[in-house]
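# Working through the structure, step by step
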Amino acid sequence: MKLFSWYFKSNLLVRILMGLILGAICGIVFGPAMAWVNPFGEIFIRLLKMIVIPVILFTLTVGAASVHPSQLGRVGVKALVIYMVTTAFAVSFGLICGNLFQPGKGMEIAASVATQGVKADVSAPSLVDTLINVVPVNPFGAISAGNVLPVIFFCLIFGIALAYIRNSEDEKIRQSGETVFRFFNGGAEIMYMVVHWILQYAPIGVFALIADVFGKQGAEAFGPLGWITLAIYLAFIGHMLLVYGGMLFIYKLSPITFFSKAKEAIVTAFVTRSSGGTLPVSMDTADSKMGISQGVYSFSLPLGATINMDGTAIYQGVCAIFVGFAIGAPLTFSQQLTIIATSLLASVGTAGVPGAGAIMLMMVLESVGLKVEPGSPVAMAYAMIFGIDALLDMGRTACNVTGDLAVTCIVAKTENEIDLSRWQKDKQRVPADTTIAD
Ligand code: ASP
């Protein structure tokens, strides 16, 4: 009983990490004899898969319906386009780092499992097919088949239409729109609660999955995890400095000043692992530190926290490469192009809450034929990444929030909606202070 109350009261991150470490130790010590824990891991994978479609259905619809149609004007289109372009850069960056570092190479999870009669499903659809299939012929069919991309596509359209209905001039239509919105909003809240519950089970699931991997792989499995973390963090830092820094520089805003102003928001994102949770801090930063007008940031930042996930896109790129190598079927060039397209859409569908990116990674993997089926090599590789997800989530959320702020600055600059004196003040203060000191 005491153990029970300790379990629910102690910090979740600590528990997941303990699950990871204990799983690794038990796997190494007991080897394949740990296979009996497999069902616990399978349940975890099934729970995660269970919520993917409902989460997208509710949260994406609410996100899209929350944008006021009047805001879909010039500022909205600008922000949307820049968000998409930076995310495309991000996932390419991730893929480049993944190819350079080649995490997971030589692990051959598939080989060790193949002996048990399980094979990796690596048949990949072509890029054109993937794009065409994004448009569902039957949205309900896509929902029941669990095809994520068509569901995202449908929810976006549904949500935008709902935004118009909610703001209709006809009172009756407006009210019915509001009713539908409330329903979806309630659904989204329910899903967040379910995610929270599933995460309570995560330490046990991670323990079981990791014990299985280490039972089959032995201690060598540690190497790839360190390597993938390094690759992902280097890509985060590279993207933040080169892409955001470069863009700000082109638009004549000092990257150094930007980072010094954004640091609070970045640190908050790092520790909370939630873009949504960091929103109040980013808004305050945009307003009081960066001098951006409310008309721009009040729209662009919540939009960014909902659809702009550059860190998540980088993570998905590197992880896809990792899974390919880990199961002994490295991704082909065309598979990598498909990953760019699906990660872009996945980042739109990723909620700004802790761990959401890891759930969306499943669909990115599925888009290139790497199905996370319970007991499959792909599921094992996935579990390894999931075990260190908190660590990866911290970096990717920090990158996501930095991206939201950088793009907001650029949109504001091009619209002349930024108080540039706030950006120069720091420079002016130095001589002024010196004079006083003198
Ligand atoms: N935690 C991330 C965020 O809030 C999303 C993710 O899990 O990738 O931005």
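The structure under discussion appears in the preceding block.
Note that the coordinates shown come from a computational prediction; the quantities given were computed from them, not determined experimentally. (Residues numbered from 1 in each chain as written. Predicted model: local features only at pLDDT ≥ 70, side-chain atom pairs only at ≥ 80, totals over all residues. Heavy atoms only, no water.)

### Observations regarding the packing of aromatic side chains
Put simply, the rule reads: Stacked, tilted and edge-to-face are the three classes applied to pairs of Phe, Tyr and Trp rings, where Trp contributes its six-membered ring and a pair requires centres within 6.5 Å; stacked means planes under 30 degrees apart, edge-to-face means over 60, and tilted covers the rest. For the purposes of this entry, the term helix denotes a DSSP run of H or I that reaches at least four residues, the term strand denotes a run of E that reaches at least two, and both are numbered from the N terminus. Relative accessibility thresholds used throughout: buried, under 20% of the residue-type maximum; exposed, over 50%; partly exposed, between the two (1.4 Å probe, protein chains only). Lysine NZ or arginine CZ positioned within 6 Å of the ring centre and within 35 degrees of the ring normal marks a charge as sitting over the ring.
Within the structure shown, the criterion is met by 11 aromatic pairs. Relative to Phe158, the ring of Phe154 lies with its centre 6.0 Å away and its plane at 35°, an arrangement referred to as tilted. Taken together, the residues Phe154 and Phe158, both in helix H8 (residues 148-166) and 4 residues apart, mark about one turn of the helix. Using a relative accessible area of 32% as the deciding quantity, one classes Phe158 as partly exposed. Members of the aromatic cluster, each reached through a chain of ring pairs, are Phe58, Phe154, Phe158, Phe183 and Phe184. In this arrangement the basic side chain of Arg166 is found over the ring face of Phe181, its NZ or CZ atom lying 3.7 Å from the centre. One residue, Arg396, lies across the ring of Tyr315, its end atom 4.1 Å from the ring centre.

### What about the pattern of salt bridges?
Applicable threshold: Each reported salt bridge corresponds to a side-chain nitrogen of Lys or Arg within 4 Å of a carboxyl oxygen of Asp or Glu.
Going through the model one piece at a time under the given rule, you end up with 8 salt bridges. Note that Asp419 is salt-bridged to Arg422, the shortest N-O span being 3.5 Å. Residues participating in the shared-partner salt-bridge network are Arg273, Asp389, Asp393 and Arg396.

### A look at the layout of surface pockets
What counts, and what does not: Both site types are read off a 1 Å grid over the protein atoms alone. A 1.4 Å probe that fits but cannot get out defines a cavity, while an open set with protein on both sides within 12 Å along at least five of seven lines defines a pocket; lining residues have an atom within 4 Å of a point. Grid points are joined across faces, edges and corners, and a volume is the space filled by probe spheres set on the points. In the scheme used here, Gly and all other residues not listed as nonpolar or charged are polar, with Ala, Val, Leu, Ile, Met, Phe, Trp, Tyr, Cys and Pro taken as nonpolar and Asp, Glu, Lys and Arg as charged.
By volume, the largest pocket amounts to about 920 Å³. Secondary-structure elements contributing two or more residues to the lining of the largest pocket are helix H3 (38-66), helix H4 (74-101), H8, helix H9 (171-217), helix H12 (275-289), helix H13 (294-307) and helix H15 (333-349). Looking at the lining of the largest pocket, the element that brings in the most residues is H13, giving 7 residues. Residues belonging to the lining of the largest pocket are distributed by class as follows: 25 nonpolar, 15 polar and 1 charged.

### Overview of the site of the ligand
This is how it is decided: One heavy atom suffices: a residue is near a molecule or strand as soon as one of its heavy atoms comes within 4 Å of it. Pairs of N or O atoms within 3.5 Å make up the polar contacts considered here, provided that, within protein, one atom can donate a hydrogen while the other can accept it, and that residues adjacent in sequence are counted only when both atoms are side-chain atoms. A 1.4 Å probe and the Shrake-Rupley method give the accessible areas. Residues count as covered only by the protein chains that appear here. Any molecule with more than half of its atoms within 2 Å of a cavity's or pocket's grid points is counted as sitting in it.
Around the ligand, 16 residues are found, and the nearest of them are Ser275, Thr312, Gly357, Asp393 and Arg396. The contact in question runs from a nitrogen atom of the ligand to an N or O atom on the backbone of Arg273, over 3.0 Å. Take Ser275: an N or O atom from its side chain is 2.4 Å from an oxygen atom of the ligand. For the ligand, the protein covers 100% of the area, taking 270 Å² as the surface of the free molecule. With respect to the detected pockets, the ligand is housed in the largest cavity. Residue assignment for the shell around the ligand shows that the elements contributing at least two residues are helix H16 (356-367) and helix H18 (389-414). When the residues that make up the shell around the ligand are grouped by side-chain class, the tally is 5 nonpolar, 8 polar and 3 charged.

### A few points about the nonpolar core
The test is simple: Take the buried residues of types Ala, Val, Leu, Ile, Met, Phe, Trp, Tyr and Cys, join any two whose side-chain atoms come within 4.5 Å, and each joined set is a nonpolar core. Here, residues are in contact when the closest pair of their heavy atoms is within 4.5 Å.
Formed by 129 residues in total, the largest nonpolar core has its most connected members in Phe44, Phe258, Ile292, Phe322, Leu365 and Tyr382. Ignoring sequence-local partners within four residues, the contact set of Tyr382 consists of Ile45, Leu48, Ala358, Ile359, Leu361, Met362, Leu365 and Val372. In terms of nonpolar packing, the next biggest core, distinct from the first, is built from 5 residues, Cys26, Val37, Ala208 and Ala211 among them.

### Considering empty space enclosed by the protein
Vacant regions in the atomic arrangement are exposed by a probe of water-molecule size rolled over the atoms. This structure, assessed with the given rule, holds 1 cavity of 30 Å³ or more. The volume enclosed by the largest cavity comes to roughly 80 Å³. Along the walls of the largest cavity sit 16 residues, with Ala351, Val353, Asp393, Thr397 and Asn400 positioned nearest its centre. Contributions of two or more residues to the lining of the largest cavity are made by H16 and H18. Counting residues per element, the lining of the largest cavity draws most heavily on H18, at 4 residues. Taken together, the residues of the lining of the largest cavity sort by class into 4 nonpolar, 9 polar and 3 charged.

None of the figures reported here should be taken as evidence of function without further support.
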